[in-house]
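Read off the chains here:
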Amino acid sequence: MQRTNSMRRKAMARQHKAEVMIAGEQLRLRLHDGKLIKDRRYHLRTYPNCFVAQELIDWLVSHKEASDRATAVCLMQHLMDHDIVHHVCDKRSMFKDAKLLYRFRKDDGTFPFNTEVKIFIRGQRLYEHLIMDKNSILQLREEHGVTYQRSFPGCQFIDWLLQNGEAESRRQGLELCRALQENGIIQHVGKKHDFFDSGLLYQFCINFRRRRRLSELLNENEQDNDEGVVVSTHEDNHHDSPFVVRKSPPQEQNSAFHSDVKQVTSGRRGSLNSLQLHSSGFPPLAPLPSTSVVRCNPKSVLKRNFTCDELLAPGAPFIKNVLTVIGDALGWGFVVRGASPCYVQAVDPGSPAAAAGVKVQQFVCQVNGQCVLDLDYRTVSRLVMTGPRIVVLEVLEPLE
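Calculation rules
- In this numbering scheme, every chain counts its residues from 1 along its sequence in written order.
- Reporting of local features is limited, given that this is a predicted model, to residues whose pLDDT is at least 70; pairs of side-chain atoms are given and counted only at 80 or more, and all residues count toward the totals for whole chains, interfaces and linings.
- Where side-chain values are given, they derive from all heavy atoms of the structure, hydrogens and water being excluded.
- Starting at the N terminus, helices and strands are each numbered in turn, a helix being any DSSP run of H or I of at least four residues and a strand any DSSP run of E of at least two.
- Each residue gets one of three labels from its accessible area relative to the maximum for its type: buried under 20%, exposed over 50%, partly exposed in between, using a 1.4 Å probe on protein chains only.
- Whether two residues are in contact is decided by their heavy atoms, any of which lying within 4.5 Å being enough.
- The pLDDT value tells you how sure the predictor is about a given residue, anywhere from 0 up to 100.
- A pair of strands is considered paired only if DSSP assigns at least 2 bridges between the two.
- To get an axis, fit a line to the C-alpha atoms, keeping to the stretch in contact for a helix; angles then go from 0 to 180 degrees between the N-to-C directions.
- The working definition used for a salt bridge is a side-chain nitrogen of Lys or Arg within 4 Å of a carboxyl oxygen of Asp or Glu.
- In this description, a nonpolar core means a group of buried Ala, Val, Leu, Ile, Met, Phe, Trp, Tyr and Cys residues linked to one another through side-chain atoms lying within 4.5 Å.

A. Up close: the overall build of the protein chain. The number of helices and strands found in the protein chain is 10 helices and 18 strands. When the 400 residues of the protein chain are sorted by exposure, 51% land in the buried category. Here the contacts in the protein chain between residues at least 6 apart in sequence split such that 64% fall between residues at least 24 apart.

The following block contains the structure:
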């Protein structure tokens with residue numbers, strides 16, 4: 001038991017480090033977009049790709065990433081402690097709210113690519129490959145009467161590694177999978193077994209695509225291992241989708257928890273998070289008892305379903321709008337659901353979609369001039385993802 005708890009604590013620590021790396025990379029991309037990171041000159045010397053600490057603190061507070069300046073300093077110190085940022089001359093180990101120059105280690109090539117980081121990056125690459133695979137092995141599966149979304153049998157994962165040239169032999173594939181488990185990238189769905197080349201089900205522990213808030217880094221709550229109760233912040237329960245809820249696994253129809261909500265986000269810039277397309281269903285970070293929980297999305301936001309003919313009928317109670325959404329480093333920020341027609345299930349309040357006027361219950365008619373009324377959410381999502389950063393949507397909005 002003591003050994004198990006020790007391994008669990010180590011896995012949690014690695015998962016937290018992964019969260020810090022992803023949050024730091026998302027922040028770096030946003031600061032580049034906002035031109036806060038640039039070449040700066042000080043004492044007749046030019047320092048490339050750096051930022052002024054005082055300006056960054058202003059930005060964090062104004063963008064509501066921190067409630068006050070002291071909290072913002074704590075957040076940046078957290079990133080310094082994890083080797084994400086550093087003083088340009090490495091003369092200071094503390095982050096100061098002053099006119100001092102700091103830099104992301106990824107921007108100057110000093111990021112420590114140790115074994116742990118390399119495993120993390122490889123795990124993320126495998127995750128992205130699996131997500132984008134049309135015949136992905138990540139599926140809704142059942143083990144011991146409990147349904148788990150995006151799970152995969154260990155033996156199928158090794159088969160996939162061999163087929164895609166990620167491993168030269170089953171032994172090498174098994175070693176890679178165990179390294180991924182030891183570093184908190186994958187885990188058994190019930191957190192009861194090590195990785196085996198068998199039919200046992202496993203899942204990815206880390207949602208690489210979820211938009212992180214820096215405040216999450218300082219608000220990680222402890223998990224109740226004995227009772228299997230997930231104690232987490234409101235943000236933690238969101239994972240990919242803002243509509244993740246908990247359900248106790250029923251003896252009734254598990255299929256009721258299968259959700260088709262997808263979130264459209266950006267994957268156009270290279271980063272640790274490589275945001276693209278995702279859905280809910282990732283396991284919580286806390287250990288679960290045998291009566292686990294299943295995460296799912298709630299009911300549709302629509303008051304009733306409409307057919308395409310009803311939407312286009314003369315005198316139908318809808319207003320047509322053309323909206324231009326300019327994606328940022330984290331994506332476009334809206335969720336589409338359904339098929340023939342698709343509709344907007346959710347909008348991130350601080351996202352480009354919200355700024356452009358995208359609202360829930362709007363039906364998506366066109367994407368960049370192409371009619372999508374007869375398409376499902378997967379196809380619509382891919383059209384947005386593979387198109388330009390600026391997305392022009394034609395939507396039908398219900399009359400109040």
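That shown, we press on.
B. Expanded view of the confidence of the model for the protein chain. Mean pLDDT over the protein chain works out to 76, with 76% of the residues at or above the 70 mark. Below a pLDDT of 50 lies the segment residues 221-297, which in the model reaches 226 contacts outside its immediate sequence neighbourhood of four places, other chains included.

C. Layout of the side chain of Glu166. Residue placement: Glu166 occurs in the loop between α6 (154-163) and α7 (170-182). The exposure class of Glu166 is buried, given its relative accessible area of 11%. Here Glu166 is in contact with Arg122, Arg125, Leu126, Trp160, Leu161, Gln172 and Leu176, once residues within four sequence places are set aside.

D. The arrangement of the pairing of strand β15 (residues 342-347) in detail. Most of β15 sits inside the fold, with 5 of its 6 residues counted as buried. The pairing of strand β14 (residues 334-338) with β15 spans 5 bridges and is antiparallel. Residue pairing for β15: Phe334 is matched across the bridge by Val347. The antiparallel hairpin formed by β14 and β15 contains 3 residues in its connecting segment, where Ser340 sits at a positive phi of about 45°.

E. Quick look at the sheet that holds strand β1 (residues 38-42). Spatially, the 4 strands line up as an open sheet ordered β1-β2-β4-β3, and their pairing is antiparallel. Single-partner strands in this sheet number two, and they are β1 and β3 (85-87). Mean inter-strand twist for the sheet, computed between neighbouring axes without regard to direction, equals 55°. In the sheet, β3 pairs with strand β4 (residues 101-104) via 3 bridges, with the strands oriented antiparallel. Of the residues in β4, the one forming a bridge with His86 is Arg103.

F. Representation of the pattern of salt bridges in the model. Throughout the structure, instances matching the rule amount to 18 salt bridges. Here Arg30 and Glu65 are joined by a salt bridge, their closest N and O atoms 2.6 Å apart. One end of the pair, Arg30, is in helix α1 (residues 2-33); the other, Glu65, is in the loop between α2 (53-62) and α3 (69-81), with 35 residues separating them in the sequence. Across this residue pair, the class does not change: Arg30 and Glu65 are buried. Its salt-bridge partner being Arg69, residue Asp58 comes within 2.5 Å of it at the nearest N-O pair. You can see Asp58 sitting in helix α2 and its partner Arg69 sitting in helix α3, a full 11 residues away along the chain. Here the salt bridges do not stand alone but share partners, grouping Glu25, Arg28, Lys106 and Asp107 into one network.

G. Examining unusual backbone geometry more closely. Each neighbour pair has its own omega, and for Ser340 with Pro341 the value is 10°, a cis peptide bond. With respect to the helices and strands, the residue Pro341 is situated in the loop between β14 and β15. Here His43, not a glycine, exhibits a phi torsion of approximately 50°, which is positive. Of note, His43 is situated in the loop between β1 and β2 (45-52). Looking at His43, the relative accessible area reads 66%, which means it is exposed. The backbone of Lys191 sits at a positive phi, close to 55°, despite the residue not being glycine. Among the secondary structure elements, Lys191 is positioned in the loop between β7 (186-188) and β8 (201-204).

H. Expanded view of the nonpolar core. Ranked by internal contacts, the top residues of the largest apolar core, which has 60 residues, are Met76 and Phe157. Breaking this core down by element, the ones donating at least two residues are α1, α2, α3, β4, α5 (115-132), α6, α7 and β8. If near-sequence neighbours (up to four positions away) are discounted, Met76 is found in contact with Leu27, Phe51, Leu56, Ile57, Leu60, Val85 and Phe95. Counting 18 residues, the second-largest nonpolar core is a separate cluster that includes Val325, Cys342, Val372 and Val391.

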